[in-house]
Amino acid sequence: MSSVAERTTGDPLATARPRRAPGAVVQGVLLAVGLVLLIGGFAVIAVSYRPYNIPTGSMEPTLRAGDTVLARKTDGADVRRGDVVVFRDQAWGGPLMVKRVVAIGGDTVAVATGDQRLTVNGKPVDEPYLAAQGAQGTAFSVEVPPGRLFLLGDNRLGSLDSRVHLEVDGGTVPATGVEARVEATVLPLGRAGLLAGTSAFEVVGGEGPAGPGPLEPAFWASVVGAATILVTTAVSGVAGLARRRRRTT
């Protein structure tokens, strides 16, 4: 009687694994890419940015009381005219404040009694972001020392800023007191968006406000990553349900 030979565990046919379907491979790749984008985008935002709450209306209409903003961390070394910054100065009492940089070290910043227009190094600056044009308050003229900044609120009629502290270092604060540069409003959702840049100080020359950081691409990377994961998972679920129905019919 003939016998049937059994395959041993060493037989390649016995150990060969079934190949994954092309659809499963594509699904795995898409899920991996989506996860990388989602985590990578959130990581960039978490490492580079901090949220701050705006306590007063001193920066209206640019920022309103109650707004939550995202600000990119900086040591103040690259702060430029026109930047909206979060800073702390013990001479001003020590609390965190948000103001706009209107002059940097070496500048002469002034407001005349007449038209109340801000000038930097003798050149009038058109400031379209102000809450009220021609409302600068008391006239002044200050030469900003190196390494220091002169800061004003966009709501010049309701801001306790460099003009209030003129008797201490001409109202200037050390650039090292800057903690972050505001780049976006995140809450309330109706006001969410990137902070608009300004060309107001181009007339003075030199570098304008710092360009946008990685916030927007990081945000969209997270959105695309999350969408990729959700869509891929949903398509996979629908395909699996369809296969099970075909097997039962």
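For the structure itself, look to the data block above.
Structure report, in brief. (Residues numbered from 1 in each chain as written. Predicted model: local features only at pLDDT ≥ 70, side-chain atom pairs only at ≥ 80, totals over all residues. Heavy atoms only, no water.)

Right, let's get into the pairing of strand β9 (residues 148-152). In terms of residue burial, β9 counts as a mostly covered element, since five of its five residues are buried. Residue alternation in β9 divides its side chains into two sets, Arg148, Phe150 and Leu152 and Leu149 and Leu151, and both sets are buried. As paired strands, strand β4 (residues 96-104) and β9 are joined by four bridges and run antiparallel to one another. Paired with Arg100 across the two strands is Leu152, which belongs to β9. With two bridges connecting them, β9 and strand β10 (residues 173-174) associate as antiparallel partners. Bridging from a neighbouring strand, Leu149 pairs with Val173 of β10. (Buried < 20%, exposed > 50% of the residue type's maximum accessible area, 1.4 Å probe, protein only. Helix = DSSP H or I, 4+ residues; strand = E, 2+ residues; numbered from the N terminus. Pairing = 2+ DSSP bridges.)

The strand order across the open sheet formed by four strands is β7-β6-β5-β8, and the pairing between neighbours is antiparallel. Two strands lie at the open edges of the sheet, namely β7 (123-124) and β8 (140-143), each paired on one side alone.

All right, on to the pattern of salt bridges then. By the definition in use, this model includes ten salt bridges. The salt bridge involving Glu179 is made with Arg88; its shortest N-O contact spans 3.6 Å. With Glu179 in strand β11 (residues 178-187) and Arg88 in strand β3 (residues 84-88), the pair connects residues that are 91 residues apart, well separated along the chain. Since its relative accessible area comes to 34%, Arg88 is described here as partly exposed. Between Glu127 and Arg156 there is a salt bridge, with its nearest N and O atoms 2.8 Å apart. With Glu127 in the loop between β7 and β8 and Arg156 in the loop between β9 and β10, the pair connects residues that are 29 residues apart, well separated along the chain. (Salt bridge = Lys/Arg side-chain N within 4 Å of Asp/Glu carboxyl O.)

Next up on the list: the side chain of Thr232. Tracing the sequence through the fold places Thr232 in helix α3 (residues 215-248). According to the relative accessible area criterion, Thr232 is buried, its value standing at 9%. Among the polar contacts listed, one links the side chain of Thr232 to the backbone oxygen of Thr228, at a separation of 2.7 Å. Leave out the neighbours within four places in its chain, and Thr232 touches Gln27, Leu30 and Leu31. (Polar contact = N/O pair within 3.5 Å; in protein donor to acceptor, adjacent residues only side chain to side chain. Contact = heavy atoms within 4.5 Å.)

Put simply, the largest pocket is a space of about 350 Å³. If you go around the largest pocket, you meet 15 residues; those closest to its centre are Leu70, Ala184, Val186, Leu215 and Phe219. For the lining of the largest pocket, the secondary-structure elements that each account for two or more residues are α2 (22-48), β11, β12 (193-194) and α3. For the lining of the largest pocket, the element with the highest residue contribution is α3, accounting for six residues. Of the volumes computed, that of the second largest pocket is approximately 250 Å³. Taken together, 16 residues line the second largest pocket, and the ones lying closest to its centre are Val182, Leu195, Ala196, Gly197 and Ala210. Of the residues that constitute the lining of the second largest pocket, the class distribution is eight nonpolar, four polar and four charged. (1 Å grid on protein atoms, 1.4 Å probe; cavity = no way out; pocket = protein on both sides within 12 Å on 5 of 7 lines; lining within 4 Å. Points joined across faces, edges and corners; volume = space filled by probe spheres on them. Nonpolar A, V, L, I, M, F, W, Y, C, P; charged D, E, K, R; others polar.)

Remember that the coordinates give geometry; whether it matters functionally is a separate question.
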